[in-house]
Amino acid sequence: MTTPIAKIREDLALIVGGGFTPDGIGPAAYEAVAARAKAEPKRYLNALIQTYLGGDFDARMLSRLRPGAALELLAESDPETTGATATKLLTHLDGLLVIYDSASDKTQLEALLPDDVLAMHQRLDRMRNRLRPLLEDAP
């Protein structure tokens, strides 16, 4: 059975939203979402890229999400596509953080940036650092 794209996006919002645990949403709901995603990993990973890195891209919103949770969930089901998706996401994050990365004096840069922008950059940097190990495990 093919999951409708609206349901995939709803599942992804739950998965990357930060509370996707059996305790957070209940064991039955957790298992149902995980089973749907694992049954169609390519569709879920493609939707992840389209939804969060596509035309409606919002760096602030992305910085508050946990796309690594979806990648970790799907890595065993489709390691190749998961690795490719992680690479796309990391490339995107590297582009977003080019100024942050190139600052020779992070303290000076941090003093110049508004607090909300600095916090966004720091969250994106942490996200990127959590995603890198997924690529080390990819085929």
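Just so it is clear, the structure is predicted and the values come from calculations on it, not from any experiment.

What counts as what
- Residues numbered from 1 in each chain as written.
- Predicted model: local features only at pLDDT ≥ 70, side-chain atom pairs only at ≥ 80, totals over all residues.
- Heavy atoms only, no water.
- Axes fitted to C-alpha atoms, helices over the stretch in contact; angles between N-to-C directions.
- Helix = DSSP H or I, 4+ residues; strand = E, 2+ residues; numbered from the N terminus.
- Parallel < 35°, antiparallel > 145°, perpendicular 65-115°, else oblique.
- Contact = heavy atoms within 4.5 Å.
- Nonpolar A, V, L, I, M, F, W, Y, C, P; charged D, E, K, R; others polar.
- Left-handed = near helix turned anticlockwise from the far one by under 90°.
- Core = buried A, V, L, I, M, F, W, Y, C linked by side-chain atoms within 4.5 Å.
- Buried < 20%, exposed > 50% of the residue type's maximum accessible area, 1.4 Å probe, protein only.
- 1 Å grid on protein atoms, 1.4 Å probe; cavity = no way out; pocket = protein on both sides within 12 Å on 5 of 7 lines; lining within 4 Å.
- Points joined across faces, edges and corners; volume = space filled by probe spheres on them.
- Phe/Tyr/Trp six-rings, centres within 6.5 Å; stacked < 30°, edge-to-face > 60°.
- Lys NZ or Arg CZ within 6 Å of the ring centre and 35° of its normal.

Asker: Help me understand the packing of helix α1 (residues 5-16) against helix α4 (residues 41-53), please; the structure alone is not making it clear to me.
Answerer: For any two helices packed against each other, one specifies the crossing angle of their axes together with the interaxial distance. Interhelical geometry of α1 versus α4 gives an angle of 75° and a closest axis separation of 10 Å. Taken together, the axis directions place α1 and α4 in an arrangement best described as roughly perpendicular. The segment α1 lies against α4, with Ile5, Ile8, Arg9, Asp11, Leu12, Ala13 and Val16 engaging Arg43, Tyr44, Ala47, Leu48, Gln50, Thr51 and Tyr52. Residue classes in the contact of α1 with α4 are distributed as 9 nonpolar, 2 polar and 3 charged.

Asker: For this particular structure, what's the right way to read the packing of α4 against helix α6 (residues 67-74)?
Answerer: In the contact formed by α4 and α6, the axes pass within 11 Å of each other and the chain directions differ by 165°. By the angle between their directions, the pair α4 and α6 is classed as roughly antiparallel. Relative to α6, the crossing made by α4 is left-handed. Here Pro41, Tyr44, Leu45 and Leu48 of α4 come into contact with α6, specifically with Pro67, Ala70, Leu71 and Leu74. Taken together, the residues of the contact of α4 with α6 sort by class into 8 nonpolar, no polar and no charged.

Asker: Sorry if this is basic, but what is going on with the nonpolar core here?
Answerer: Soluble, globular proteins show a tendency: their nonpolar side chains are buried together. Counting 37 residues, the largest nonpolar core has Leu12, Leu62, Leu71, Leu73, Leu93 and Leu131 as its most contacted members. For this core, the secondary structure elements donating two or more residues are α1, α3 (27-39), α4, α5 (59-63), α6, α7 (79-96) and α10 (115-137). By residue number, the principal contributor to this core is α4, which donates 7 residues. Residue contacts for Leu73: discarding those within four places in its chain leaves Ile15, Phe20, Tyr30, Ala34, Ala37 and Lys38.

Asker: Would you take a moment to explain empty space enclosed by the protein for this structure?
Answerer: A probe matching the size of a water molecule, rolled over the atoms, marks out where space remains unfilled. As enumerated under the stated definition, the model contains 1 cavity of 30 Å³ or more in all. By volume, the largest cavity amounts to about 30 Å³. For the largest cavity, the full set of lining residues is Leu48, Ile49, Tyr52, Leu53, Leu62, Pro67 and Leu89. The element contributing the most residues to the lining of the largest cavity is α4, with 4 residues. Residues belonging to the lining of the largest cavity are distributed by class as follows: 7 nonpolar, no polar and no charged.

Asker: How should I be thinking about the packing of aromatic side chains in this particular structure?
Answerer: Think of a pair of aromatic rings as described by two things: how far the centres are apart, and how the planes are tilted against each other in angle. Under the defined criterion, the tally for this structure stands at 1 aromatic pair. Looking at Lys106, its charged tip hangs above the ring of Tyr100, at a distance of 4.8 Å from the centre.

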